[in-house]
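# Secondary and tertiary structure notes
Here is how the chains run, residue by residue.
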Amino acid sequence: MPQQSTGHISRITHFALIVEDQEEALDFYTETLGFEKKEDSEMGEDRWLTVAPAGRDGVHVILRSPAWFGGKDADRFSHLVGHNPMIGLAVDDCHATYDDLRERGVEFVSEPQEREYGVEVIALDPEGNELLFVEPGGTA
């Protein structure tokens, strides 16, 4: 059964990545991966901090501390640190990205793999979240 749009939702703008240390996450995503900081403001005792690929419009990643949440939610969200859903990132050259980021100290689960849809490799951010780098249009 085909999906039908209600016409109300046009795109995804943000998603949250629960991180223990916002500064460490900001450094990794900006200095190591080359993202840029998009938003950084205080919200009461908390911090609204977002990053996105440099020079691109699109989805912002909210680097959100579990301290943002109170009570039961703080415990529930603290369990997500290092266990967030995988983030998929498109790259032009998966092998070059792998080589460059390995030199920068990024931990990878394996070497780049040829798939029917392209070349992929999975890395880990400093808290253990998986980052899937995909170069579309592989030869496998």
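Thresholds applied
- Residues numbered from 1 in each chain as written.
- Predicted model: local features only at pLDDT ≥ 70, side-chain atom pairs only at ≥ 80, totals over all residues.
- Heavy atoms only, no water.
- Core = buried A, V, L, I, M, F, W, Y, C linked by side-chain atoms within 4.5 Å.
- Buried < 20%, exposed > 50% of the residue type's maximum accessible area, 1.4 Å probe, protein only.
- Helix = DSSP H or I, 4+ residues; strand = E, 2+ residues; numbered from the N terminus.
- Contact = heavy atoms within 4.5 Å.
- Pairing = 2+ DSSP bridges.
- Phe/Tyr/Trp six-rings, centres within 6.5 Å; stacked < 30°, edge-to-face > 60°.
- 1 Å grid on protein atoms, 1.4 Å probe; cavity = no way out; pocket = protein on both sides within 12 Å on 5 of 7 lines; lining within 4 Å.
- Points joined across faces, edges and corners; volume = space filled by probe spheres on them.
- Nonpolar A, V, L, I, M, F, W, Y, C, P; charged D, E, K, R; others polar.
- Patch = residues over 30% accessible without salt bridge, like charges linked within 9 Å, V, L, I, M, F, W, Y side chains within 5 Å.
- Areas by Shrake-Rupley, 256 points an atom, 1.4 Å probe, with all protein chains shown as cover.
- Salt bridge = Lys/Arg side-chain N within 4 Å of Asp/Glu carboxyl O.
- Lys, Arg positive; Asp, Glu negative; His and termini not counted.
- Charge placed at Lys NZ, Arg CZ, Asp CG, Glu CD.

### Here we look at the nonpolar core
Nonpolar side chains in soluble globular proteins tend to end up buried together. With 25 residues, the main nonpolar core has Y29, L33, L63, F108, L131 and F133 as its most contacted residues. Residue assignment for this core shows that the elements contributing at least two residues are α1 (22-32), β3 (46-53), β4 (60-64), β5 (87-90), α3 (94-103), β8 (118-124) and β9 (130-136). Here the element with the most residues in this core is α1; it accounts for four residues. Excluding residues that lie within four positions of it along the chain, Y29 makes contacts with L17, G34, F35, V51, L63, I87, D125 and L131.

### Focus: the pairing of β4
Extensive coverage of β4 is indicated by the burial of five of its five residues. Covered by surrounding structure in β4 are H60, I62 and R64 together with V61 and L63, the residues of both alternating faces. Across five bridges, strand β1 (residues 14-18) lies against β4 in parallel orientation. Note that in β4 the partner of A16 across the bridge is I62.

### A short note on the packing of aromatic side chains
Following the criterion strictly, the structure yields five aromatic pairs and no others. Taking 5.7 Å as the distance between ring centres and 55° as the angle between the ring planes, the aromatic pair formed by Y29 and F35 counts as tilted. In this pair, the class of Y29 matches that of F35, namely buried. The interplanar angle of 50° and the centroid separation of 6.1 Å between the aromatic rings of W48 and W68 together place this pair among those described as tilted. Residue W48 is located in strand β3, and its partner W68 is located in the loop between β4 and α2 (71-78); the two are separated by 20 residues in the primary sequence. Here the aromatic cluster, defined as three or more aromatic residues joined through ring pairs, consists of F28, Y29 and F35.

### Some details on empty space enclosed by the protein
Taken as a whole, this structure holds one cavity of 30 Å³ or more when the rule is applied. Space inside the largest cavity adds up to approximately 30 Å³. In terms of lining, the largest cavity is formed by V19, D21, E24, A25, D125, P126 and E127. Looking at side-chain class alone, the lining of the largest cavity contains three nonpolar, no polar and four charged residues.

### Quick notes on a negative patch on the surface
Together, E20, D21, E24, D27 and E31 make up a region of like negative charge exposed at the surface. Looking at the secondary structure, you find E31 in helix α1. E31 gets classed as exposed once you look at its relative accessible area, which sits at 57%.

### Observations concerning the side chain of H60
Structurally, H60 is set in strand β4. The buried category is assigned to H60, whose relative accessible area is 17%. The residues contacting H60, other than those within four sequence positions of it, are T13, H14, F15, K38, E39, T50, V51 and A52.

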